[in-house]
Amino acid sequence: MPTRLVSVVFDAHDHRGLAQWWSDALGWPVQYDADDETVVEPDGNEATDLVPGLVFGSTTDPKVAKNRVHLDLASQSDADQVAIVDRLVAAGAQHVDVGQRDVSWVVLADPEGNEFCVLAPNDRYTGHGPLAAVSVDAIESRRAAAFWAVATGREIVIDADGDARLARRDGAPPDLDFLGVADQKVVKNRVHLDIAPYATDDQAAEVDRLVAAGARRVDIGQGDDVSWVVLADPEGNEFCVLTPRGVAPSRS
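Residues numbered from 1 in each chain as written. Predicted model: local features only at pLDDT ≥ 70, side-chain atom pairs only at ≥ 80, totals over all residues. Heavy atoms only, no water.

(A) Quick peek at the pairing of strand β7 (residues 106–109). Alignment of strand β6 (residues 94–95) against β7, held across 2 bridges, turns out to be antiparallel. When the bridges of β7 are listed, His-95 appears paired with Leu-108. Note that β7 and strand β8 (residues 115–118) share 4 bridges and pair antiparallel. Bridge assignment links Ala-109 to a residue of β8, and that residue is Glu-115. Between the antiparallel neighbours β7 and β8 lie 5 residues, among them Gly-113 with a positive phi of about 90 degrees. (Pairing = 2+ DSSP bridges. Helix = DSSP H or I, 4+ residues; strand = E, 2+ residues; numbered from the N terminus.)

Structure below.
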């Protein structure tokens, strides 16, 4: 049974403040709060991991580059897209230019400068909650998607524009999207993904499986006394393999 995506992790100067901002933005409650970490996710999600939770960890490092991982928010109509943008700007978001031109989505940044998009209405996301997708920049988007299909057990779908999307096996969003870019990764990602084996699986075996699939071990200063293993995907994006958790779905 593969590992699966369980959370999107943000480095934050004010982890509690940023967590509360995203809690208000998505309508998801704060489910855990500590001096070094705050978790925001829908009620009941911990048992299913159907939606990646948002984890905010404390850091003093400055944000120095555009994030290579960002969130895409869904809207239900043209008017709803405008209303979401207006609400989030009033709450402290800013319009930002990341090179987009005549596009249907609106690019904003949260109060700590993390870019995200508010998408135009799309039937795919209707009725599935506020988070449409987690998007990852990739120089070779199909190669990145192939690796993450191994890491998450999701199905690869190639969109009309050539970008790759990983859908849950039940077909419902949020998706894991890989967007083709030309710019190289230059710094440690400020936003990264966490994956985890199921409770009946083995963390070390899953790490070995992912290394064989193209990941590599990396040292970002985590030390030897942590329970997670830090790897980088074939594009150099850091991610963590957490300890086993959750109830495995039926294999039938």
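(B) Just the nonpolar core, in detail. Judged by nonpolar contacts, the single largest core of 49 residues is most densely connected at Trp-22, Leu-54, Leu-71, Leu-88, Phe-116 and Trp-148. Setting aside chain neighbours within four positions, we find Leu-88 in contact with Trp-21, Ala-25, Leu-73, Ala-93, Leu-108, Phe-116 and Val-118. Grouped together as the second largest cluster of nonpolar side chains are 7 residues, Ala-196, Val-218, Ala-232 and Cys-240 included. (Core = buried A, V, L, I, M, F, W, Y, C linked by side-chain atoms within 4.5 Å. Buried < 20%, exposed > 50% of the residue type's maximum accessible area, 1.4 Å probe, protein only. Contact = heavy atoms within 4.5 Å.)

(C) Here's a closer look at the sheet that holds β7. Taking strand neighbours across the sheet as the criterion, the 8 strands line up as β6-β7-β8-β5-β9-β12-β11-β10 in an open arrangement whose pairing is mixed. Lying at the two open borders of the sheet, with one neighbouring strand each, are β6 and β10 (155–158). The sheet contact formed by strand β5 (residues 69–73) and strand β9 (residues 131–138) spans 5 bridges and is antiparallel. Bridge pairing in β9 places Leu-73 opposite Leu-131.

(D) Seen up close, helix α3 (residues 78–90). Spanning 13 residues, α3 covers 19 Å between terminal C-alpha atoms, matching the ideal 18 Å at 1.5 Å per step. Residues Gln-81, Ile-84, Val-85 and Leu-88 constitute the buried set of α3. On an axial view of α3, the arc spanned by its buried residues comes to 95 degrees, and they lie on one face. Turned more than 90 degrees off the buried face of α3, the exposed positions are Ala-79 and Ala-90. Looking at the buried residues of α3, the elements they touch are α1 (15–26), β5, β6, β7 and β8. The first or second residue beyond α3 is Gly-92, which carries a positive phi of 125 degrees. (Expected span 1.5 Å × (residues − 1). Arc of directions from axis to C-beta.)

(E) Quick look at unusual backbone geometry. With an omega of 10 degrees, the peptide bond running from Pro-173 to Pro-174 counts as cis. Note on placement: Pro-174 falls in the loop between β11 (164–167) and β12 (175–180).

(F) Representation of the sheet that holds strand β1 (residues 4–12) in the model. Reading across from one edge, β2-β3-β4-β1-β13-β16-β15-β14 is the order of the 8 strands in this open sheet, with mixed pairing throughout. What marks the edges here is a single partner per strand, and that holds for β2 (30–33) and β14 (216–217). Against the sheet, helix α5 (residues 203–212) engages β13 (191–196), β14, β15 (229–232) and β16 (238–241), with an angle of about 10 degrees to β15. (Axes fitted to C-alpha atoms, helices over the stretch in contact; angles between N-to-C directions.)

Scope: geometric values only; no functional claims are made or implied.
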